[in-house]
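Observations on chain architecture
These are the residues of each chain, in order.
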Amino acid sequence: MVVAVLVLVAGCGRGHKADLVNGKTLFVQKCGSCHTLARAGTKGIQGPNLDAAFQEARAQGFGSSGIKGVVLNQISHVRKNSIMPLNLVKGDDARDVAAYVGFAAAKPGKDSGDLATAGQTQVSSKPAVEKNGALTIPANPTGALAFQYNKANATPGKVTISMPNQAPITHDISIKGNGVNVQGPRVGKGGTSKISVNLKPGTYTFYCSVPGHEAGGMKGTLTVK
Ligand code: HEC
């Protein structure tokens, strides 16, 4: 199917000099929670793996601009009832995202130069610290699969863990390990997922239980002592 569409749209999108750094950054923030793309480091599973989707097209020599055309077309012509949001990126941003996927999909190796660091998710270098029984671990606000901390510290006893969510996608805060297994309510943008747990000294994993999000990187280590 991809190949048929390729022939139709291969000529689109000329006349705009693609900014691949912008394209990669936006891809990680807006597309990566649903799509795996190795060079972007994203591992979403709700949509097709884009390396796999364009493997054959790449092998048949359609090239980056052909793939870009398919991606651009998909962004603005999402099928009815798809979970993929329509026009998630627009104008030059859409062209940049499509150009980056065209550049990166099914292409072995790693990004280099400015592209290597583009789209890297910001995670605090410090741990989140519990205070008076409250621990706050916000979701990454951009839509990347990450919390703003990947480490947290707490003292033993009852702790309420809150995850304010400013991301455009649904997340929760959940915790497992050391005899505990609690999943928080899933909340959309503007909501806060909250759980109360009794913690003993030891190590736990905090994560988001939305399918694919933990595997995509949305997790961290909570140390209680
Ligand atoms: C909420 C999840 C979600 C998000 C976010 C999302 N997609 Fe998708 N995407 C899907 C699903 C599911 C499909 C499968 C086809 C369908 O449902 O229409 C898909 C299909 C595609 C396809 C076609 C792949 C094929 O096999 O033909 C491309 C290309 C694509 N998406 C690119 C993107 C880009 C670029 C973005 C970011 C601007 C994005 N998607 C954001 C869920 C998502």
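Residues numbered from 1 in each chain as written. Predicted model: local features only at pLDDT ≥ 70, side-chain atom pairs only at ≥ 80, totals over all residues. Heavy atoms only, no water.

The next thing to look at is the site of the ligand. Around the ligand there are 22 residues in total, and C31, C34, H35, S82 and M84 lie nearest to it. In the model, an oxygen atom of the ligand is placed 3.1 Å from a nitrogen or oxygen of the R79 side chain. Between the ligand and S82 there is a distance of 2.7 Å, counted from an oxygen atom to a side-chain nitrogen or oxygen. Elements supplying a minimum of two residues to the shell around the ligand: α3 (50-59) and α4 (63-76). Considering only residue class, the shell around the ligand consists of 15 nonpolar, five polar and two charged. (Near = heavy atom within 4 Å. Polar contact = N/O pair within 3.5 Å; in protein donor to acceptor, adjacent residues only side chain to side chain. Helix = DSSP H or I, 4+ residues; strand = E, 2+ residues; numbered from the N terminus. Nonpolar A, V, L, I, M, F, W, Y, C, P; charged D, E, K, R; others polar.)

Quick look at helix α5 (residues 91-104) now. With 14 residues, α5 ought to run about 20 Å at 1.5 Å a step, and its terminal C-alpha atoms sit 20 Å apart, in line with that. Within α5 the residues assigned to the buried category are A94, D96, V97, A98, A99, Y100, V101, G102 and A104. Those residues of α5 that are buried lie in contact with α2 (20-30), β1 (36-37), α3, α4 and α6 (114-117). Looking at the residues trailing α5, positive phi occurs at A106, about 55 degrees. (Expected span 1.5 Å × (residues − 1). Buried < 20%, exposed > 50% of the residue type's maximum accessible area, 1.4 Å probe, protein only. Contact = heavy atoms within 4.5 Å.)

Looking now at the side chain of D51. On the secondary structure map, D51 appears in helix α3. The side chain of D51 sits in the buried core without any salt bridge; R39 is the nearest counter-charge, 7.1 Å away. Aside from chain neighbours lying at most four places away, what touches D51 is T36, L37, A38, A104, A105 and A106. (Lys, Arg positive; Asp, Glu negative; His and termini not counted. Salt bridge = Lys/Arg side-chain N within 4 Å of Asp/Glu carboxyl O.)

One can find N22 in helix α2. In this structure N22 comes out as partly exposed when scored by relative accessible area, which is 24%. C-alpha separation for the pair N22 and D92, spaced 70 residues apart in sequence, amounts to 9.7 Å. Apart from the residues within four sequence positions on either side, N22 is in contact with D93 and D96.

Okay, the environment of T205 next. One can find T205 in strand β10 (residues 202-207). Look at T205 and you get partly exposed, because its relative accessible area is 26%. Sequence separation between T205 and N181 is 24 residues; the distance between their C-alpha atoms is 9.6 Å. With near-sequence residues (within four places) excluded, T205 lies in contact with S174, I175, K176, E214, K219 and G220.

Further remarks concern the sheet that holds strand β9 (residues 192-199). Strand order across the open sheet formed by three strands is β4-β6-β9, with mixed pairing between neighbours. Edge strands, defined here as strands with exactly one partner in the open sheet, are β4 (134-136) and β9. Strand-to-strand twist across the sheet, computed as the mean angle between neighbouring axes with direction ignored, equals 20 degrees. As paired strands, strand β6 (residues 157-164) and β9 are joined by eight bridges and run antiparallel to one another. (Pairing = 2+ DSSP bridges. Axes fitted to C-alpha atoms, helices over the stretch in contact; angles between N-to-C directions.)

When its domains are assigned, the chain resolves into domain 1 (2-117) and domain 2 (128-224). Facing the eight residues of domain 1 at the interface are ten residues of domain 2. When domain 1 packs against domain 2, close to 610 Å² is buried across both sides, 59% of that on carbon and sulfur atoms. Together, Q29, S33 and K43 form the three largest contributors to the area buried by domain 1 at its contact with domain 2, with a combined 64%. For the interface between domain 1 and domain 2, the tally reads zero salt bridges. For the pair domain 1 and domain 2, the number of links is zero residue pairs in polar contact (both at pLDDT 80 or more). Looking at the side of domain 1 that touches domain 2, its residues break down into two nonpolar, five polar and one charged. (Domains from an automatic or database assignment. Buried area = accessible area lost by both parts, 1.4 Å probe.)

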